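Examining the three-dimensional arrangement
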Amino acid sequence: MKTLSLQNLSKTYYDLYEGSHHTALHDISLDIPAGEFVSVVGPSGCGKSTILNMVAGFIPHSGGEILVGGQPVKGPGRDRGVVFQSFALFPWKTVLDNVGFGPKMRGVPKAERDEIAREYLAMAGLSHAADRYPNELSGGMQQRVGVVRALANKPDVLLMDEPFASVDAQTRMTLQDELSRIWEERRPTVLFITHDVPEAVFLANRVVVLSKGHVLADVPVPIERPRVWDKLVEDDAFKELSNKVLALVRSA
Amino acid sequence: MNALLPLWSFWVRTSRQWPVLQTLTPFVPVVLLWQAVASWGAFPPAFFPAPMDVVRNFGTLMYKGILPEYLSDSVSRLVAGAAVGMALGIPLGLLIGLSRRAYVALWPVVLFFQAIGDIAWLPILIIWFGFGLTTMAFVIVYTVIFPVIFNTVLGVRSVKIELHRAAQSLGAPPWRILTEVVLPGALPNIVTGLRNGLGYGWRALIAAEMIVGTSGIGFMMFDARRAGSVTEIVLGMIVLGILWYIVDAWVLAPIERATGRRWGLTQ
Ligand SMILES: Nc1ncnc2c1ncn2[C@@H]1O[C@H](COP(=O)(O)OP(=O)(O)OP(=O)(O)O)[C@@H](O)[C@H]1O
Ligand SMILES: [Mg+2]
């Protein structure tokens, strides 16, 4: 696990049709120590996905620096695992081969990467689905595979952009419980983007509130772990903190 | 009504067991109509042969070995042409689909040459290469290549950007993205392109055989015209239809379904 550090990061999009520049992010600075879980929340269009896409190396940044373990980011790389809202599983690969894809790219032999993949699938309770194709799975199962695929590649930092936004409410809570458990077991460094405030608070050590391209607030979450929804739904400290963050987001 | 029900269920069961029945049944009225018109006697048999004349002619040509030889000539030309068309069309389609620059440079040219239909090349091809194999090879490759290019480009573009990004984040270098993401993602479209290309190519080949051929089904039909054998012409037409049906329904369509459907890329 490594630290993730954003220093005076900015992003200006050029609108081809209007022929004008549009600044989506100004001067974002954010430090995520190794093994910390940080959620970023904010109203639609405030630049959450833009941050994640720059950290992942999918789009270039306009100013400032992105450092992973002190090294500047240049393009996508396997040190930063990404979990997508649309799951982005390879439809032509079985679940096992999807999870084994990262190790395969590293040249790990078939038998060994199958073993790695099975171990990670077991962690998410997906052993029975190893030989199925993604389109044969429910949305919740597909996203479990998405998370496990990123983890099996042992990234230094895990990046997630609204990973649970396209599954139903029941499944979402189960997935949040599972992600929380997995984080507690393995302590990856996580940058988690969401617009769901309770989700952000439930999962994170810190919640960063974004507003119109800058950081509005950085709220620590001192709620003890392990965290499970069964205990936290009725927890006063949790509810109070969620309301506080929600108020910040609505003022943003 | 109820009396017909067991009959209907018998038909459903047997036709499911023998799919060939399902294919053949629609032709029963066609053949009956044909026979009826022939026995009506308004046209002389030399002009309008009856079904049995054609069947007899089929027997003779099979016995003499002419039909099998011509058939294998035509089919092997189609297969060779398709192979070359794919070998050129798929890489070109990948290039155009993946590279903005290649698209800008090549697309107008591709469209221009596609507009000049295969047969429109024949006059100049005959001057360049004469009557024969080279000319036919050119025509069939030319016909197959465009649907393959267009569908490959379409297939490459249909691969979602998230899949490229996911592969990159998992550490895939560009050439592995090509083999692990772009090619399989484009495969159902490539097969569709091949299916269309072979369909056009088959027709173009028969036309080319008529004009420049010295063997093959197209040649056989045109030669029969010279000899005034309508029966043989009709036989050639029927062979064309049956052969294409077999290739398309039994070979190409199942491949197309097997790729797309299994992965949920098509319904
Ligand atoms: N490719 C692009 N070209 C131009 N402008 C863009 C582009 N992508 C995003 N933007 C703009 O940048 C701003 C931030 O967009 P971004 O997608 O990061 O928002 P977000 O916080 O993720 O929103 P949401 O919650 O709806 O996903 C928006 O104003 C958006 O219109
Ligand atoms: Mg977004």
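All values derive from a computational prediction rather than experimental measurement.

All names here are of chain A. Packing of helix H4 (residues 110–123) against helix H6 (residues 169–186) leaves a shortest axis separation of 11 Å and a crossing angle of 125°. Comparing their axes, H6 and H4 come out oblique. Residues Glu119, Tyr120 and Met123 of H4 form the contact with H6, whose own contacting residues are Arg181, Ile182, Glu185 and Arg186. Its residues placed into classes, the contact of H4 with H6 shows three nonpolar, no polar and four charged.

A few words on the packing of helix H4 (residues 51–64) of chain B against helix H5 (residues 66–98) of chain B. For any two helices packed against each other, the geometry comes down to the angle between their axes and how far apart the axes lie. Residues and elements named next belong to chain B. It is at 4 Å that the axes of H4 and H5 come closest, and there the two elements cross at 80°. By the angle between their axes, H4 is roughly perpendicular relative to H5. Contacts between H4 and H5 involve Phe58, Leu61, Met62 and Lys64 from the first element and Ile66, Leu67 and Pro68 from the second. Taken together, the residues that form the contact of H4 with H5 break down as six nonpolar, no polar and one charged.

A complete count under the given rule lists 19 salt bridges over all chains for this structure. For the salt bridge of Glu180(B) with Lys93(A), the shortest nitrogen-to-oxygen distance reads 2.5 Å. A residue pair is termed interchain when its members come from two chains, as with Glu180(B) in helix H10 (residues 174–212) and Lys93(A) in the loop between strand E6 (80–83) and helix H2 (95–99). Using a relative accessible area of 10% as the deciding quantity, one classes Lys93(A) as buried. What you see here is one network of salt bridges that share partners, running through Lys93(A), Lys104(A), Arg176(B) and Glu180(B).

With that out of the way, let us pick up the sheet that holds strand E9 (residues 206–211) of chain A. All names here are of chain A. Taken in spatial order, the six strands line up as E6-E7-E8-E3-E9-E10 in an open sheet, and their pairing is mixed. Because the sheet does not close on itself, it has two edges, and the strands there are E6 and strand E10 (214–220). When the angles between neighbouring strand axes are averaged without regard to direction, this sheet yields 20°. Here four bridges tie E6 to strand E7 (residues 157–161), and the two strands are oriented parallel to one another. In the strand pairing of E7, Val82 is matched with Leu159. Packed onto the sheet, helix H5 (residues 139–152) meets E6 and E7 and runs at close to 175° relative to E6.

Residue and element names in this part refer to chain A. By domain assignment, chain A separates into domain 1 (4–79 + 156–251) and domain 2 (94–154). For domain 1 versus domain 2, the distance between C-alpha centres works out to 25 Å. Interface area, domain 1 with domain 2, both sides summed: about 1,200 Å², of which 61% is carbon and sulfur. When the area that domain 1 buries against domain 2 is broken down by residue, the three leading residues are Arg78, Ile182 and Arg186, summing to 39%. Counting the contacts that link domain 1 with domain 2 gives two salt bridges. Close ionic contact of Arg186 with Glu119 constitutes a salt bridge, the shortest N to O distance being 3.9 Å. Summed over the shared surface of domain 1 and domain 2, the result is four residue pairs in polar contact (both at pLDDT 80 or more). Looking at the side of domain 1 that touches domain 2, the elements with two or more residues in it are E7 and H6. The dominant element in the side of domain 1 that touches domain 2, judged by the number of residues it contributes, is H6, at nine residues. Within the side of domain 1 that touches domain 2, the residues separate by chemical class into eight nonpolar, two polar and six charged.

Our focus in this paragraph is the site of ligand 1. Residue and element names in this part refer to chain A. In the vicinity of ligand 1, the residues found are Tyr13, His22, Ala24, Ser44, Gly45, Cys46, Gly47, Lys48, Ser49, Thr50 and Glu162. Between a nitrogen atom of ligand 1 and a side-chain N or O atom of Tyr13, the distance comes to 3.3 Å. Within the backbone of Cys46, one N or O atom sits 3.3 Å away from an oxygen atom of ligand 1. When the free accessible area of ligand 1 is taken as 630 Å², the share hidden by the protein chains comes to 60%. Mapped by element, the contributors of at least two residues to the shell around ligand 1 are strand E2 (20–32) and helix H1 (48–56). Per-element tally for the shell around ligand 1: the top contributor is H1, with three residues. Residues belonging to the shell around ligand 1 are distributed by class as follows: three nonpolar, six polar and two charged.

On to the layout of surface pockets. Residue and element names in this part refer to chain B. Roughly 820 Å³ of internal volume is contained in the largest pocket. Considering the residues around the largest pocket, the lining is formed by 24 residues, among which Leu24, Phe27, Ile238, Val239 and Ile242 are closest to the centre. Contributing elements (two or more residues each) for the lining of the largest pocket: helix H2 (19–24), helix H3 (27–40), H4, H5 and helix H12 (230–263). Broken down by element, the lining of the largest pocket gets its largest block of residues, nine residues, from H12. Classifying every residue of the lining of the largest pocket by side-chain character gives 22 nonpolar, two polar and no charged.

Turning next to the nonpolar core. Residues Leu4(A), Leu6(A), Phe90(A) and Leu159(A) are the most contacted members of the largest nonpolar core, which totals 90 residues. In terms of residue count, H10(B) provides more of this core than any other element does, 13 residues in total. Taken domain by domain, this core gets at least three of its residues from each of domain 1 (4–79 + 156–251) and domain 2 (94–154) of chain A. With residues near it in sequence (within four places) discarded, Leu4(A) still touches Leu30(A), Asp31(A), Ile32(A), Val55(A), Ile66(A), Leu67(A), Val68(A), Val157(A), Leu159(A) and Leu191(A). Membership of the second largest hydrophobic core comes to 54 residues, among which are Leu96(A), Val147(A), Ala150(A) and Val219(A).

Burial in helix H9 (residues 161–169) of chain B covers these residues: Leu163(B), Arg165(B), Ala166(B), Ala167(B) and Ser169(B). Looking at the buried positions of H9(B), the neighbouring elements they touch are H1, E6, helix H3 (101–105) and H5 of chain A together with H10 of chain B.

Here we come to the interface of chain A and chain B. Chain A puts 25 residues into the contact, and the matching count from chain B is 21 residues. Buried area between chain A and chain B, summed over both chains or domains, comes out near 2,000 Å², and the portion from carbon and sulfur atoms is 65%. If you look at where chain A meets chain B, you find two salt bridges. The interface formed by chain A and chain B contains four residue pairs in polar contact (both at pLDDT 80 or more). Residue assignment for the side of chain A that touches chain B shows that the elements contributing at least two residues are E6 and H3 of chain A. Examining the composition of the side of chain A that touches chain B, we find that four residues originate from one element, H3(A), more than from any other.

How each quantity is defined
Residues numbered from 1 in each chain as written. Chains lettered and ligands numbered in written order. Predicted model: local features only at pLDDT ≥ 70, side-chain atom pairs only at ≥ 80, totals over all residues. Heavy atoms only, no water. Axes fitted to C-alpha atoms, helices over the stretch in contact; angles between N-to-C directions. Helix = DSSP H or I, 4+ residues; strand = E, 2+ residues; numbered from the N terminus. Parallel < 35°, antiparallel > 145°, perpendicular 65-115°, else oblique. Contact = heavy atoms within 4.5 Å. Nonpolar A, V, L, I, M, F, W, Y, C, P; charged D, E, K, R; others polar. Salt bridge = Lys/Arg side-chain N within 4 Å of Asp/Glu carboxyl O. Buried < 20%, exposed > 50% of the residue type's maximum accessible area, 1.4 Å probe, protein only. Pairing = 2+ DSSP bridges. Domains from an automatic or database assignment. Buried area = accessible area lost by both parts, 1.4 Å probe. Polar contact = N/O pair within 3.5 Å; in protein donor to acceptor, adjacent residues only side chain to side chain. Near = heavy atom within 4 Å. Areas by Shrake-Rupley, 256 points an atom, 1.4 Å probe, with all protein chains shown as cover. 1 Å grid on protein atoms, 1.4 Å probe; cavity = no way out; pocket = protein on both sides within 12 Å on 5 of 7 lines; lining within 4 Å. Points joined across faces, edges and corners; volume = space filled by probe spheres on them. Core = buried A, V, L, I, M, F, W, Y, C linked by side-chain atoms within 4.5 Å.

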